[in-house]
Amino acid sequence: MAQSAAPATPAAPVITPISLKAIAPWAAFVGVLMLVLLYFVGAEQGATSLVSGENVHEWVHDGRHLLGFPCH
């Protein structure tokens, strides 16, 4: 009757580092996506407009003011 009532402690998980080669494509994708988003929020409907009309302006109007971009 020398058995312990406490369960055995589990082994710690092994954490393997992620290489820079594995992260680089995702980092580039996220960077390009952020630049496109910044363009549409900050510069669309201005001198470099890619989309005609006011639809993009209306969709990002509040975000534009929240980030400090003037639009009026």
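See above for the structure.
The structure reproduced in this document is the subject of the present report. Quick caveat: nothing in here was measured; it's all calculated off a predicted structure.

Cut-offs used in this document
- Residues numbered from 1 in each chain as written.
- Predicted model: local features only at pLDDT ≥ 70, side-chain atom pairs only at ≥ 80, totals over all residues.
- Heavy atoms only, no water.
- Helix = DSSP H or I, 4+ residues; strand = E, 2+ residues; numbered from the N terminus.
- Buried < 20%, exposed > 50% of the residue type's maximum accessible area, 1.4 Å probe, protein only.
- Contact = heavy atoms within 4.5 Å.
- Areas by Shrake-Rupley, 256 points an atom, 1.4 Å probe, with all protein chains shown as cover.
- Phe/Tyr/Trp six-rings, centres within 6.5 Å; stacked < 30°, edge-to-face > 60°.
- Patch = residues over 30% accessible without salt bridge, like charges linked within 9 Å, V, L, I, M, F, W, Y side chains within 5 Å.
- Salt bridge = Lys/Arg side-chain N within 4 Å of Asp/Glu carboxyl O.

### Considerations on the overall build of the protein chain
A count of helical and extended segments in the protein chain gives 2 helices and 0 strands. Counting across all 72 residues of the protein chain, residues that qualify as buried make up 10%. Excluding contacts between residues fewer than 6 apart, the proportion of contacts in the protein chain whose partners are at least 24 apart in sequence is 16%. As presented, the protein chain carries roughly 6500 Å² of accessible surface, and 71% of it is formed by carbon and sulfur atoms.

### With respect to the packing of aromatic side chains
For the coordinates displayed, the defined rule picks out 1 aromatic pair. The interplanar angle of 90 degrees and the centroid separation of 6.4 Å between the aromatic rings of Trp-26 and Phe-29 together place this pair among those described as edge-to-face. A residue pair is termed a helical-turn pair when its members lie 3 or 4 positions apart in one helix, as Trp-26 and Phe-29 do in helix H1 (residues 20-42) at 3 residues.

### Focus: a nonpolar patch on the surface
Residues Trp-26, Phe-29, Val-30, Leu-33, Met-34 and Leu-37 make up a contiguous nonpolar surface patch of about 650 Å² in total accessible area. Within the secondary structure layout, Leu-37 lies in helix H1.

### So, helix H2 (residues 55-66)
Buried residues of H2: Val-56, His-57, Val-60, His-61 and Arg-64, and no others. Where H2 is buried, its residues contact H1. Gly-68 sits one or two residues past H2 and shows a positive phi near 90 degrees.

### A short note on the environment of Phe-40
In this structure, Phe-40 sits in helix H1. What makes Phe-40 partly exposed here is its relative accessible area of 27%. Leaving out residues up to four positions away in the same chain, Phe-40 has contacts with Val-51, Val-56, Val-60 and Arg-64.

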